[in-house]
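Residues per chain are reported as follows:
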Number of protein chains: 2
Amino acid sequence: MTRGEFSLINHLIKRRPKPDSLFRPCLVGPGDDAALLSSVSRPVITTDTQRENVHFRRAWQTPFEIGSRAVQVTLSDLAASFAKPVALFINLGIPQGTPDLILEGIYEGLASVLEPLGCDLGGGNTCRSEELSLDLFAIGEAMGEMPQRGNAQDGEVLCVTGPLGHARAGLYCLQHRLDGFSELIHAFKRPVARFDAAEILFKHGVRCAMDVSDGLAGDAMHMAKASGVTLDVNLASLPLSSPFADWCAKTGEEALQTMASGGEEYQLLFTCLEEHLDAIQSELFGVIPLGKVKSFDREYVKGLPLGSSSYEHM
Amino acid sequence: MTRGEFSLINHLIKRRPKPDSLFRPCLVGPGDDAALLSSVSRPVITTDTQRENVHFRRAWQTPFEIGSRAVQVTLSDLAASFAKPVALFINLGIPQGTPDLILEGIYEGLASVLEPLGCDLGGGNTCRSEELSLDLFAIGEAMGEMPQRGNAQDGEVLCVTGPLGHARAGLYCLQHRLDGFSELIHAFKRPVARFDAAEILFKHGVRCAMDVSDGLAGDAMHMAKASGVTLDVNLASLPLSSPFADWCAKTGEEALQTMASGGEEYQLLFTCLEEHLDAIQSELFGVIPLGKVKSFDREYVKGLPLGSSSYEHM
């Protein structure tokens, strides 16, 4: 890392947990050229970018919310890989004249997610930039075999760990300055990486999982193509939460369309054996069966409303 | 990683080495939510940012040079940590309307460095951006104990693995459109992560090392402060290469000043026991003793020309 740019990042990470083998996997932390971690037997690595006006807006989100969301979104890929988070690294692109308070707020947001997870902040860089940007890199340790989107098997049930469309509806509320839907706005601003679900799904031998970041339509297509199967989806079976139903009524937006197209959910989309579904549902509240995995038959994904498309960023 | 942004990165990494336990540590590569690596017993992680007009300029560097330099600069932190590179991840920030040819060129540059090192390209993201930016994240495996800048011991010799000031002089030539110094310009455009030196220094039990990215003045200060010692430097002993001497004569720039302040060298600055120096020099061509490590005496770094300052980016 560039020492010339280290003073700020050092400042930002001054609040790292005290040395402790459990909560501080970085044996040699920021300040040296690189971070040395304790042994990782099955390293899982992911990276994500959050850029102003593409992934977040300061008019909509506080610095704390921008920071916490960026970490949740990045760690969600580890949850979808059934991996426990070990350490996070962050490069901050900072426009000239950005007040320290904003950077502090972003850091507070990062720390609020990392600390309860026992995930270390290993370091990073700061660099002046035209726009505020966060580039995050996370390393985790796989619980065991890593699930893959190409593992969906004919005869399995397609499920999701929570409601779809809420985050998209929340984003709509922000875009259209629509008040009174705090639950939906919260779903957009405060996604949660589903490590709780990952542990249970792993325990039950789930081998095909991914997080819903592009929206069901897009992500189901990725899964079906990778697995060479047809996913026969039936959204009609999905319950509508009252805030979501109210939002549809108020905006005239089509519920199924929104559920199919809305991204940024960060719920886990997975397939499991029919006979495991009850056990999974009994341990993991909110799991919703969406349809069936079938041997490939002409289309990769069936049963989605016409015109459902992949989520595009704001 | 965001699937919505995956098509380009997948395109860019189509040329990854074929599956092979030796040259492809990523067991599950790009395309899934995260990359699964084979076990890393002593993971060393670093991250770097390269932004247009801060770290590189398209007017001066080809896309190939921008890509290869970004990787060398990032991996240099692993070399300075005596770690072998395992996998690299890259987030590309791409201004709208950037021709694919430029991205292909950058990728060719990345691959030209990674492939000979057997370092895998694990994946990454692409995102539209105001400026062309590369955020790189590298994981390596430490050869053994990781050297730290805080380990310099009273009585040791301070050394560098190669000439200082060449890269700075090369940058000057680019900034002032000064022709005829291709060697110096090459030193700026084509730094090399010194894994060759790392192996030899590790073998000889060197415990204090860092790469010279901020320039000797800045980096010696980091080392001295971290070690709580005084570094007594004597640059007069440094040989002047003929291109560098010619450059000084032509520009009127002060040689010692340039050697002390010039950054972006990516040589390794290290300390070793006096009695090991001969053996190290016999195995590693170009090692230059710069001075002595002494118990702290009022100043952290002595013997540098007045006004030597840390390197600032272009």
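Structural data are supplied above this passage.
All values reported here derive from a predicted model rather than from experimental measurement.

A. Representation of the overall build of chain A. The helix and strand inventory of chain A stands at 10 helices and 12 strands. Counting the 314 residues in chain A, one finds 63% classified as buried. Counted over contacts in chain A with a minimum sequence separation of 6, partners at least 24 positions apart contribute 85%. Total accessible area on chain A is roughly 11500 Å²; 52% of this is exposed by carbon and sulfur atoms.

B. Spotlight on the sheet that holds strand E11 (residues 288-295) of chain A. Residues and elements named next belong to chain A. Sheet architecture is open: 6 strands sit in the order E8-E10-E7-E11-E9-E12, paired in mixed fashion. Bordering the open sheet on either side are strand E8 (208-211) and strand E12 (301-302), each of which pairs with just one other strand. Both strand E7 (residues 157-160) and E11 contribute to a ladder of 4 bridges, which runs antiparallel. By the bridge assignment for E11, Leu-158 is matched with Gly-291. Where helix H10 (residues 274-283) meets the sheet, it contacts E7, strand E10 (268-272) and E11, and its direction lies at approximately 135 degrees from that of E10.

C. Seen up close, the side chain of Thr161(B). Residue and element names in this part refer to chain B. Here Thr-161 shows up in the loop between strand E7 (157-160) and helix H4 (166-175). Within the structure, the side chain of Thr-161 is placed 2.6 Å from the side chain of Gln-267, a separation counted as a polar contact. Excluding anything up to four places from it in sequence, Thr-161 contacts Arg-194, Ala-197, Leu-201, Gln-267, Leu-268, Phe-270, Leu-284, Phe-285, Gly-286 and Val-287.

D. Inspection of the pattern of salt bridges at higher detail. All names here are of chain A. Enumeration over the complete set of coordinates arrives at 26 salt bridges over all chains. The closest approach of N and O atoms between Glu-65 and Arg-190, which form a salt bridge, is 3.9 Å. With Glu-65 in helix H2 (residues 63-80) and Arg-190 in the loop between helix H5 (182-189) and helix H6 (195-203), this pair connects stretches of sequence that are 125 residues apart. A residue is classified by how much of its surface remains accessible, and Glu-65, at 11% relative accessible area, is buried. A relative accessible area of 33% places Arg-190 in the partly exposed class.

E. A look at the packing of aromatic side chains. Residues and elements named next belong to chain B. Scanning the entire structure with this criterion turns up 11 aromatic pairs over all chains. On the basis of an interplanar angle of 55 degrees and a centroid distance of 6.0 Å, the ring pair of Phe-89 and Phe-137 is categorised as tilted. Of this pair, Phe-89 sits in strand E4 (residues 83-94) while Phe-137 is found in strand E6 (residues 133-142), placing the two residues 48 residues apart along the sequence. Here Phe-137 falls in the buried class, since its relative accessible area comes to 0%.

F. Spotlight on the pairing of E4(B). All names here are of chain B. Burial within E4 is extensive, with 11 of its 12 residues counted as buried. Bridging between E4 and E6 involves 10 bridges; their strand directions are antiparallel. Across the sheet, residue Leu-88 finds its bridge partner in E6, namely Ala-138. What joins E4 to strand E5 (residues 120-128) is helix H3 (residues 100-117), and the crossover it makes is right-handed.

G. Helix H6 (residues 195-203) of chain B, seen in detail. Residues and elements named next belong to chain B. Listing the buried residues of H6 in full gives Phe-195, Ala-197, Ala-198, Ile-200 and Leu-201. In this fold, the buried residues of H6 make contact with helix H2 (63-79), E4, H3, strand E10 (268-272) and helix H10 (274-283). Directly after H6, the chain includes Gly-205, whose backbone phi takes a positive value near 75 degrees.

Parameters and conventions
Residues numbered from 1 in each chain as written. Chains lettered and ligands numbered in written order. Predicted model: local features only at pLDDT ≥ 70, side-chain atom pairs only at ≥ 80, totals over all residues. Heavy atoms only, no water. Helix = DSSP H or I, 4+ residues; strand = E, 2+ residues; numbered from the N terminus. Buried < 20%, exposed > 50% of the residue type's maximum accessible area, 1.4 Å probe, protein only. Contact = heavy atoms within 4.5 Å. Areas by Shrake-Rupley, 256 points an atom, 1.4 Å probe, with all protein chains shown as cover. Pairing = 2+ DSSP bridges. Axes fitted to C-alpha atoms, helices over the stretch in contact; angles between N-to-C directions. Polar contact = N/O pair within 3.5 Å; in protein donor to acceptor, adjacent residues only side chain to side chain. Salt bridge = Lys/Arg side-chain N within 4 Å of Asp/Glu carboxyl O. Phe/Tyr/Trp six-rings, centres within 6.5 Å; stacked < 30°, edge-to-face > 60°. Right-handed = clockwise from strand over helix to strand, strands pointing away.

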